[in-house]
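Working through the structure, step by step
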Amino acid sequence: MPTDNLIQNLVGGWNTSDVRISNLSDSNNLYVETTGEGASSTSILRSIQGSTSILELGGRCRGLFEASRDINGKPVLFGVFGHSLYVIRWSDDGYTATELTNDLTNVPDQVGMCETGGEGSANPHLIVVDGSNVWAVNTELDDAGMIADIRTIALPYRVRQEEKDRPTVRIQPTHCAYCYNYLIVNDKDTDAFYISYQYPFERTETNTQQTDYDIFMINSIRPGEIGYKNYGFITYAEWSPDNITALCSNATLLYTFGPKSTQIFTYNNDVDAPFVSPTNCANGIGIKAPHSVSFVGDFVFWLGSSSIGENGVYQWKGNQLSKISTPDVERKINSMENPSDATGQCWTENGHLFYALTFNDDDYTLVYDLTENLWHRRSSRDRVTNQLHCWRLGFAQLHDSKLMFGTNDGHLVYLDYDKFEEYDGRPMLRIRRSGMLMNNYQHFVVDSIKLICNTGDFVNQSLLQEGYAPQIMMRYSDKGGDWSNQEIGLLGEQGQYQTNVEWFKLGVHTILCVEISMSDNVNFTIVGGKIKYSIIDR
C-alpha cells in the first residue's frame, strides 16, 4: 500500500554540502518567508523580484548614495560608474543623470560614500573616497553649481619617523563615515584613521564667507592645534597593530576593521579625543574582504578573517557580536579562489532584512535573511550559454520609494514588483532543491511527487497572453548522483486555481533529492509538496 507524506524539507534555504549524499538543499532566487496565523503552510518559498532599468550610464557601478538635501531640500541620488560621479534626478522627462567629474581613480574598486551634516555655515557635502582621494561636493547646489564646486580635499601625510620634517606620502582612504558631526576616513596601509573638525566645510567670516576646505586641519597653525600641521588629527586603533582596511558608522558607533581584529569606538564629547574605545569593544576577528562590510540600522555585517574568524560571516548589533554563517557556507567560501574581493550590501524588503555577499572573481552570490536566519543564493543568467553567474545588482539604495541598484554593466535599476525577469529581458531562473528524502535508508518506489504552489494565481496577469500557462521543470537525483532528464509541469492559466502539478513513476531510490525550477516571467511560490511511495525489500 503506497504511503502519502508531506515533503518536510521542500521549503528551506541554502545548505548545500560538499558531500553530495549528505545534503544538496539549495534555494536560488527564492527565499523563505514564515507565514501568519491561519496560513495553509507555516512557511513558503517566494520568488525574488525582477528589475527595470532607469538609466544606462556605462562602466561598472562602484557605489550609490542618497544624500538628504538637494537645492529644493529633498533627497537626491548620486552614483559612481567607472571613473564618473553622477547626480541623478527626477524630472517630467523621467530620471536624468549629470556627470560631475570623470576623474575618479582605482577602477573598478568600490568607492566609499557618505554625507556631512549641518545647515547655514556648515554646508552638507557628499563625500566620495576612491582609494587615492577624498572628493567633496555641496549637495544643495544645482547641477551647474555642483560641476563648478566638486573638488578633492587636501589629505594628511602619513606619519613616518624617517620623514617627519619633510613628509612625502599621503594617506590612502578607501572608507568614510560621518559620526557626531565629524568626517572620518581610514588609511588602508596603516592602523590610523583621520578626523575632520566638527561640521566640516563651514563658512567663516574671516574667510569672507568662503568655504573652508582644510577640513583635516593639515595647514593649521592656530593655538592648541600644534601637531596637526601636515598630519591632521590622527587616532590609532591600538588594540591590534593591523592596518585599518575598512570602517563604517551606524551614526552611533564607529567600527574599524583590520585583517586580524575589529575595534569599536564611541563618542567621547571631548574635542581633544572625540572617539575612544572601551576595553570590551575589540576582538580578534578581522575582515577578509574590506568591501564586504555593510550596515543597515544597528546591524553591521562583514566577511571575517584571522585565526578564529577565517571565512566566517559576522554581525554586530550595537556592540553584540554573533556569527551568521553555517559550516556549509564557510566551506563554500573556503573553496573559492579569491574571497577577498567580495562586496556586501544590505536592504530591507517586505519585512525581510537581507545581507548579500557577492564574490566577484568566483562569480557567486550568497544572501543572508536576518528575519528568517536562513541563507539563499541569487544569480543572473548568461544570455548566450544559460550559465548562472553572480547576481548583477549591487549597492542597494532606497530612493524615491524604490529599491535601486547599480549593475556591473552600467545600469541603474530598481526592483519591480510586477516583473520576474531582469532589466534587459533576461529570464530569471528560480531553483529549489529539496533536502534529502529517505526512509531509514530503505529502498522505495516513488509513485508520484506533487507540488503545492500558486497555480493560476499571478500578480502580473496583465503581462500574460490569453491561454498562456507557465511551465515548471522537475528532475531528481538518487544519492546525490547524476540528475534525471527534466520533466515539465504547468502552473495553469490565470484563474485556473485547481491545476494539478504532479509527476509520476519516478523510479527506485534510497536517498532522493528533487529539483524544481521556473524561468517564466511570473511570480512563483512554493507552499509545499507531497510524495507517494512504497517501501520495497531488497
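What you are looking at is a predicted structure, and each value in this text was computed from that prediction instead of being measured. Residue numbers here run from 1 along each chain, matching the order of that chain's written sequence. Local features are withheld for residues below a pLDDT of 70 in this predicted model, meaning they are given only at 70 or higher, and side-chain atom pairs are given and counted only at 80 or more; totals for whole chains, interfaces and linings count all residues. Side-chain measures were taken over the full set of non-hydrogen atoms in the model, leaving aside hydrogen atoms and water.

**Section: the overall build of the chain**
Just so we agree on the cut-off: Strands here are runs of E lasting at least two residues and helices are runs of H or I lasting at least four, both read from the DSSP assignment and numbered beginning at the N terminus. Atoms counted for the radius of gyration: C-alpha only. Globule rule: 2.2 Å times residue count to the power 0.38. Accessible surface area values rest on a Shrake-Rupley calculation with a 1.4 Å probe, where residue burial reflects the displayed protein chains alone.
What the chain contains, in helices and strands, is two helices and 44 strands. Relative to its length of 538 residues, the chain is compact, with a C-alpha radius of gyration of 27 Å against a globular reference of 24 Å. Judged by the C-alpha coordinates and their principal axes, the chain covers about 95 × 55 × 45 Å. Surface accessibility of the chain: about 23400 Å² in total, with carbon and sulfur atoms responsible for 46%.

**Describing the packing of aromatic side chains**
The cut-off we apply is this: Stacked, tilted and edge-to-face are the three classes assigned to paired rings of Phe, Tyr and Trp, where Trp is represented by its six-membered ring and a pair needs centres within 6.5 Å; plane angles under 30 degrees give stacked, over 60 edge-to-face, the rest tilted. The rule is simple: take the accessible area with a 1.4 Å probe, protein chains only, and divide by the maximum for that residue type; under 20% is buried, over 50% is exposed, in between is partly exposed.
The full count for this structure, using the stated rule, is 21 aromatic pairs. Summarising the aromatic geometry, the rings of Y31 and F354 are spaced 5.3 Å apart at their centres and angled 75° between planes, so their arrangement reads as edge-to-face. Here Y31, found in strand β3 (residues 30-34), pairs with F354, found in strand β29 (residues 352-359); they are 323 residues apart in sequence, far enough to count as distant. Here Y31 matches F354 in class, with each residue buried. Taken together, Y31, W347, F354, W391 and F405 form an aromatic cluster joined through their ring pairs.

**Side note on the confidence of the model for the chain**
Formally: A score from 0 to 100, pLDDT tells how confident the predictor is in each residue. Any two residues whose heavy atoms approach within 4.5 Å at even a single point are treated as in contact.
Summarising the model, the chain shows a mean pLDDT of 91, and 95% of its residues fall at 70 or more. Across residues 223-227 the pLDDT falls below 50, and counting only partners more than four positions away or on other chains, this stretch makes three contacts in the model.

**Structural notes on the pairing of strand β25 (residues 299-305)**
Condition: Being paired, for any two strands, means DSSP has found at least two bridges between them.
In terms of residue burial, β25 counts as a mostly covered element, since seven of its seven residues are buried. As judged from the two bridges shared by strand β23 (residues 286-287) and β25, these two strands associate in the antiparallel manner. Residue pairing in the sheet places G286 in a bridge with S305 of β25. Bridging between strand β24 (residues 294-296) and β25 involves three bridges; their strand directions are antiparallel. Each bridged residue has a counterpart across the sheet, and for S294 the counterpart in β25 is F301. Taking the residues that link successive antiparallel strands as the turn, the β24-β25 hairpin has two residues, and the phi of G297 there is positive, at about 60°.

**Comments concerning the state of the cysteines**
The condition is simple: Cysteine sulfur pairs qualify as disulfides if the two atoms are within 2.5 Å.
Inspection of the entire model under this criterion finds zero disulfides. You can see C248 has no disulfide; the closest cysteine sulfur is in C346, sitting 9.5 Å from it. Free of any disulfide, C513 has its nearest neighbouring cysteine sulfur in C453, separated by 18 Å. You can call C513 buried: its relative accessible area is 0%.

**What to know about the environment of T96**
Checked against the element boundaries, T96 lands in strand β9 (residues 94-101). Linking T96 and L55, residues 41 residues apart in sequence, is a C-alpha distance of 7.5 Å. Discounting chain neighbours no more than four positions away, the residues touching T96 are L55, V87, I88, R89 and S91.

**Remarks on the sheet that holds strand β6 (residues 61-67)**
Operational definition: For helices, the axis comes from a line fit to the C-alpha atoms of the stretch in contact; other axes are also lines fit to C-alpha atoms, and the angle between any two N-to-C directions lies between 0 and 180 degrees.
Strand order across the open sheet formed by four strands is β6-β7-β8-β9, with antiparallel pairing between neighbours. The open sheet has two edge strands with one neighbour each: β6 and β9. Within this sheet the neighbouring strands show an average axis-to-axis angle of 25°, counted without direction. With five bridges joining them, strand β7 (residues 76-81) and strand β8 (residues 84-91) adopt antiparallel strand pairing. Its bridge partner lying in β8, F78 is registered against V87.

**Points about helix α2 (residues 327-334)**
Considered for burial, the residues of α2 that qualify are D328, V329, E330 and I333. Structurally, α2 contributes buried residues whose contacts are with β25, β26 (313-317), β27 (320-323), β29, β30 (364-369) and β31 (374-377).

**Considering the pattern of salt bridges**
Pairing is possible between side chains of opposite charge, provided their charged atoms come close. Spelled out, the test is: Whenever Lys or Arg places a side-chain nitrogen within 4 Å of a carboxyl oxygen from Asp or Glu, that contact is recorded as a salt bridge.
For the structure on display, the rule yields 21 salt bridges. The shortest N-O distance in the salt bridge between E33 and R46 comes to 2.8 Å. Note that E33 is positioned in strand β3 and R46 in strand β4 (residues 43-47), a separation of 13 residues in sequence. Taking the relative accessible area as the measure of exposure, E33 reaches 15% and is therefore buried. With relative accessibility at 34%, the residue R46 sits in the partly exposed group.

**A look at the sheet that holds strand β14 (residues 176-179)**
Across the sheet, four strands lie side by side as β14-β15-β16-β17; this open sheet has antiparallel pairing. Across the chains shown, the open sheet's two edge strands, defined by having one partner strand only, are β14 and β17 (233-236). Between one strand axis and the next, the sheet turns through 30° on average, direction left out of account.

**Description of the side chain of N250**
Defined as follows: Definition of a polar contact: a pair of N or O atoms within 3.5 Å, with one able to donate and the other able to accept a hydrogen when the atoms are protein atoms, and with sequence-neighbouring residues admitted only if both atoms are side-chain atoms.
Take N250: it is sitting in the loop between β18 (246-249) and β19 (253-257). Classification of N250 as buried rests on a relative accessible area of 12%. Engagement of the side chain of N250 in a polar contact is seen with the backbone nitrogen of T252, the distance being 3.0 Å. At a separation of 2.8 Å, a polar atom in the side chain of N250 contacts the main-chain amide nitrogen of L253. Once residues lying within four places of it in the same chain are set aside, the contact partners of N250 are Y255, F295, G297 and D298.

**Overview of the pairing of β30**
For β30, the buried fraction is high: six of the six residues fall into the buried class. Along β30, one buried face is formed by Y364, L366 and Y368 and the opposite face, lined by T365, V367 and D369, is buried too. Direction of pairing for β29 relative to β30: antiparallel, over a ladder of six bridges. Residue pairing for β30: F354 is matched across the bridge by D369. The loop that links β29 with its antiparallel partner β30 comprises four residues; one of these, D363, has a positive phi angle of about 60°. Relative to β31, β30 runs antiparallel, the two being bridged by four bridges.

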